[in-house]
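Descriptive structure summary
Residues per chain, in single letters:
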Amino acid sequence: MGDTEATTFDRALLESEERRALRTAVGALGRRYGRTYFTDTVRAGRQPEELWQEAGALGYLGVNLPEEYGGGGQGLAELAIVLEELGAAGSPLLLLVVSPAICGTVIARFGTRAQKERWLPGLADGSRRMAFAITEPDAGSNSHRISTTARRDPDTGGWLLSGRKVFISGVDIADATLVVGRTADARTGKLKPCLFIVERGTPGFEFRQIDMEVAAPEKQFQLFLDDVALPADALVGDEDAGLLQLFAGLNPERVMTAAFSIGMGRYALSQAVEYARTRQVWQAPIGAHQAIAHPLAQAHIELELARLMMQKAAHLYDAGDDMGAGEAANMAKYAAAEAGAKAVDQAVHTLGGNGLTAEYGLATLLTASRVGRIAPVSREMILNFVSHHTLGLPKSY
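So, here is what we can say about the structure in this document. For clarity, every value in this text was computed on a predicted model and none was experimentally measured. (Residues numbered from 1 in each chain as written. Predicted model: local features only at pLDDT ≥ 70, side-chain atom pairs only at ≥ 80, totals over all residues. Heavy atoms only, no water.)

1. Some words on the environment of Ala299
By the element assignment, Ala299 lies in helix H8 (residues 290–318). In this structure Ala299 comes out as buried when scored by relative accessible area, which is 2%. In contact with Ala299, not counting residues within four places along its chain, are Leu269 and Ala343. (Helix = DSSP H or I, 4+ residues; strand = E, 2+ residues; numbered from the N terminus. Buried < 20%, exposed > 50% of the residue type's maximum accessible area, 1.4 Å probe, protein only. Contact = heavy atoms within 4.5 Å.)

2. A few points about empty space enclosed by the protein
By the definition in use, this model includes two cavities of 30 Å³ or more. Roughly 60 Å³ of volume is contained in the second largest cavity. If you go around the second largest cavity, the residues you meet are Gln47, Pro48, Glu49, Trp52, Leu93, Leu95, Arg129, Ile173 and Glu218. Split by residue class, the lining of the second largest cavity holds five nonpolar, one polar and three charged. (1 Å grid on protein atoms, 1.4 Å probe; cavity = no way out; pocket = protein on both sides within 12 Å on 5 of 7 lines; lining within 4 Å. Points joined across faces, edges and corners; volume = space filled by probe spheres on them. Nonpolar A, V, L, I, M, F, W, Y, C, P; charged D, E, K, R; others polar.)

3. What about the side chain of Gln222?
Considering the arrangement of structural elements, one finds Gln222 in strand S7 (residues 220–230). Aside from chain neighbours lying at most four places away, what touches Gln222 is Arg164, Lys165, Val166, Glu206, Phe207, Arg208 and Ile210.

4. Side note on the pairing of S7
Where strand S3 (residues 159–169) lies against S7, eight bridges are found, and the strand directions are antiparallel. Opposite Lys165, over in S7, you have Leu223 as the bridge partner. Alignment of strand S6 (residues 205–210) against S7, held across six bridges, turns out to be antiparallel. Its bridge partner lying in S7, Gln209 is registered against Phe221. (Pairing = 2+ DSSP bridges.)

5. Topic: the side chain of Gln115
With respect to the helices, strands and loops of the structure, Gln115 is situated in helix H6 (residues 113–125). With a relative accessible area of 5%, Gln115 lands in the buried category. Those residues in contact with Gln115 that sit more than four places away from it in its chain are Ile107, Leu120, Ile197, Asp233, Ala234, Leu235 and Val236.

6. Considering the layout of surface pockets
Estimates place the volume of the second largest pocket at around 280 Å³. Lining the second largest pocket we find 15 residues, and of these Asn64, Gln74, Gly75, Leu76 and Asp318 sit closest to its centre. Top element by residues in the lining of the second largest pocket is helix H5 (residues 95–110). It accounts for four residues.

Here it is in structure tokens:
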């Protein structure tokens, strides 16, 4: 293997000293807050504001954003480490998936200088948050059926945006929402995706909370947009490059969802391993029995394999290979969601009745880990993607 090949291999599979240091530092921050802080925050109906602000002050929230605008100048690989390690400590910050990963990335890649100057420094230090709105009641996984449309306002030269969105995280605490809409192509008349920044409090932009059973500080909302008047510069990027810009946000979303699931699985596994190591019913700790030890070992292996695919996806994305990153990001999200859910389930099973107590903080993860298998895209749609795009099989939908 030549020097160039070895360097590429190291970047893709082996973490650098800087990334290991980042992982250690973020893990220490997460453990200082821990699972009790997170669950107490959820029960109180609050946001993990203290952790969010400290992570922002330390540069972790914007580690992937350009240095010119207050970020760390690194990539998606580093941001995934931040979310994974906070999750492994029991205090994940779900809005990392949305605010710096999706919205920050899209604005950094395609925004005007004015948009970057206005939004990126705040997204980087945590003083501003941005939500992302793509899912619709009648569209679901079919982004081609998005019906939220924008048309030019002949009086102002701006845009009039109308439509509905559903299952949008954190709108209540976001300063703005990056909304995926569609505009008519002047040449063909066909609708094409475009992204718009809609600031909080804009007339005609309303949201309503969805009653969820999942225990999380980030609430879910329906959005109602009724001829929301936007200035011309609310459009992010080129009006004719909608799909490219959209997938620039969706690939990081999948990588970060993988990091979320892996971190959650690691936390659950660590609780189960410690319990199996110390819990004694007969003459030896229960972890000495293969019926307990082997499923935990298998969960660890599957989490590690999922992390490797996540690292590959982040590496490809940071290298500018959007097509390669799309395939890998979907696979990483699939593998991590399955591994994370399995690790949580096995952890609860290992603890028995204790796995359902508030003391260990595992029971709430049963529903939270299930989310990773259906959002932001279901595992069936990922299998459709792989069978069609990777294996070359006929399209089934």
